[in-house]
Amino acid sequence: MAVSLDEIDVRLLTALQEDADRTNVELARMVGLSPAATLHRVRRLKESGVIRVISAQLDPAACGFALQVYVAATLARHDVRSAQKFDDLIRSLPQIIAADTVAGETDYLLTVVARDVPELQQVLASLATRGGQRLVTYLRLDEIKPPSRLPLSPI
């Protein structure tokens, strides 16, 4: 269920999406509240689940991960135990930086980073031996649009 957001919430969230490193004083100045009121709002947005986490976005290539691939994975078996086993594997592999279950021809879409081809092969082998029947890999060539902020408006 969506949380009700007013204009100040939207301005706060937009500012944080643009630069989550802003100080509380900067945020307060931007939205026209006192620092205490701003801190209270940000805490409320965190507690309500609107703000999941405040983090830095890193460039994989600059951090030494020359390969970034997308993997469409289809499970060999579609039962709760098999899916849980595969989910646990995905969570345990640090090279898998994003994972979603999807409806359609495949069961999962994964974003995988690797320093080199042997590291990528290790990840793919782990997926194949733990329930991934069909793995289709797409090499990421270039980023056209980086992850962007949500187009928020008051609710």
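What counts, and at which threshold
- Throughout, residues of each chain are indexed from 1 in the direction in which the sequence is written.
- Residues qualify for local features only when their pLDDT is at least 70, as the model is predicted, and side-chain atom pairs are given and counted only at 80 or more; totals for whole chains, interfaces and linings, by contrast, use all residues.
- The side-chain quantities take in all heavy atoms of the structure and omit both hydrogens and water.
- Any carboxyl oxygen of Asp or Glu that lies within 4 Å of a side-chain nitrogen of Lys or Arg is treated as forming a salt bridge with it.
- Note: two strands are recorded as paired if DSSP finds a minimum of 2 bridges between them.
- To qualify as a helix, a DSSP run of H or I must reach at least 4 residues; to qualify as a strand, a run of E must reach at least 2; elements of each kind are numbered from the N terminus.
- Lines fitted to C-alpha atoms define the axes here, with helix axes fitted over just the stretch in contact, and angles between the N-to-C directions of these axes take values from 0 to 180 degrees.
- By the convention used here, residues are in contact when the closest approach between their heavy atoms is within 4.5 Å.
- Note on classification: 1.4 Å probe, protein chains only; a residue is buried when its accessible area is under 20% of the maximum for its type, exposed when over 50%, partly exposed between these limits.
- In protein, a polar contact requires one atom able to donate a hydrogen and another able to accept it; more generally it is a pair of N or O atoms within 3.5 Å, and residues adjacent in sequence count only if both atoms are side-chain atoms.
- Think of it as the arc spanned by the lines of direction from the helix axis to the C-beta atoms.
- Roughly parallel refers to an angle under 35 degrees, roughly antiparallel to one over 145, roughly perpendicular to one between 65 and 115, and oblique to any angle outside these ranges.
- For this classification, Asp, Glu, Lys and Arg are treated as charged, while Ala, Val, Leu, Ile, Met, Phe, Trp, Tyr, Cys and Pro are nonpolar and the rest, including Gly, are polar.
- Only Phe, Tyr and Trp rings are paired, with Trp represented by its six-membered ring, and only when their centres lie within 6.5 Å; those with planes under 30 degrees apart are stacked, over 60 edge-to-face, the remainder tilted.
- Charge-over-ring contacts are defined here by two conditions on Lys NZ or Arg CZ: a distance within 6 Å of the ring centre and an angle within 35 degrees of the ring normal.

Trainee: How should the pattern of salt bridges be read in this particular structure?
Mentor: One side chain can pair with another of opposite charge once the charged atoms of both are near each other. All chains considered together, the criterion is met by 8 salt bridges. In this structure, the salt-bridge partner of Arg-140 is Glu-143, at a minimum N-O distance of 3.6 Å.

Trainee: So what exactly am I meant to see when it comes to the sheet that holds strand β1 (residues 67-75) here?
Mentor: Sheet strands associate in pairs through backbone hydrogen bonding, adopting either a parallel or an antiparallel arrangement. Here we have 4 strands laid out as an open sheet, ordered β2-β3-β1-β4, and antiparallel in their pairing. In the strand order of this sheet, the two ends are held by β2 (96-101) and β4 (132-139), each with one partner. When the angles between neighbouring strand axes are averaged without regard to direction, this sheet yields 20 degrees. Packing against the sheet, helix α4 (residues 80-92) makes contact with β1, β2, β3 (108-114) and β4, and its axis sits at approximately 25 degrees to β3.

Trainee: In this structure, what is going on with the side chain of Thr-38? I would like to understand it.
Mentor: Structurally, the position occupied by Thr-38 is in helix α3 (residues 35-47). The class of Thr-38 is buried, set by a relative accessible area of 0%. Leave out the neighbours within four places in its chain, and Thr-38 touches Leu-12, Asn-24, Leu-27, Ala-28, Val-31 and Leu-33.

Trainee: Can you walk me through the environment of Asn-24 in this structure?
Mentor: Examined against the element boundaries, Asn-24 turns out to sit in helix α2 (residues 24-31). Taking the relative accessible area as the measure of exposure, Asn-24 reaches 23% and is therefore partly exposed. C-alpha of Asn-24 to C-alpha of Ile-51: the two residues are 27 residues apart in sequence and 15 Å apart in space. Excluding residues within four positions of it along the chain, Asn-24 makes contact with Pro-35, Thr-38 and Leu-39. In terms of polar contacts, Asn-24 uses its side chain to reach the backbone carbonyl oxygen of Pro-35, at 2.8 Å. Reaching out from Asn-24, the side chain makes a polar contact with the backbone nitrogen of Leu-39 at a distance of 3.4 Å.

Trainee: How should α2 be read in this particular structure?
Mentor: Working note: α-helix, 3.6 residues per turn, so residues spaced by three or four point in the same direction. Listed as buried for α2 are Leu-27, Ala-28 and Val-31. Buried residues of α2, seen end-on, are gathered within an arc of 100 degrees and therefore sit on one face of the element. Against the buried residues of α2 lie α1 (7-18) and α3. Looking one or two places after α2, you find Gly-32, whose phi comes out positive at around 80 degrees.

Trainee: When you look at the pairing of β2 in this model, what are you seeing that I'm missing?
Mentor: Consecutive side chains of a regular strand alternate in pointing toward one face of the sheet and then the other. The sheet contact formed by β2 and β3 spans 5 bridges and is antiparallel. What sits directly across from Ile-96, in β3, is Val-112.

Trainee: Just to check I follow, could you spell out the packing of α1 against α3 for this structure?
Mentor: Axis angle and axis distance: for two packed helices, these are the angle between their axes and the distance between the axes, and together they describe the pair. For the pair α1 and α3, interaxial distance at closest approach is 11 Å and the crossing angle is 80 degrees. Classified by the angle between their axes, α1 and α3 sit roughly perpendicular to one another. Together, Ile-8, Asp-9, Leu-12, Leu-13 and Leu-16 of α1 and Thr-38, Arg-41, Val-42, Arg-44 and Leu-45 of α3 make up the contact between the two elements. Of the residues belonging to the contact of α1 with α3, the class tally is 6 nonpolar, 1 polar and 3 charged.

Trainee: Would you explain the packing of aromatic side chains in this entry?
Mentor: For any pair of aromatic rings, the description rests on two quantities: the centre-to-centre distance and the angle between the ring planes. Per the counting criterion, the structure on display carries 1 aromatic pair. The interplanar angle of 55 degrees and the centroid separation of 4.9 Å between the aromatic rings of Phe-86 and Tyr-108 together place this pair among those described as tilted. Linking Phe-86 in helix α4 with Tyr-108 in strand β3, this pair joins segments that are 22 residues apart in sequence. Side by side, Phe-86 and Tyr-108 carry an identical accessibility label, which is buried. A cation over a ring is seen here: Arg-115 above Phe-65, with NZ or CZ 4.2 Å from the ring centre.

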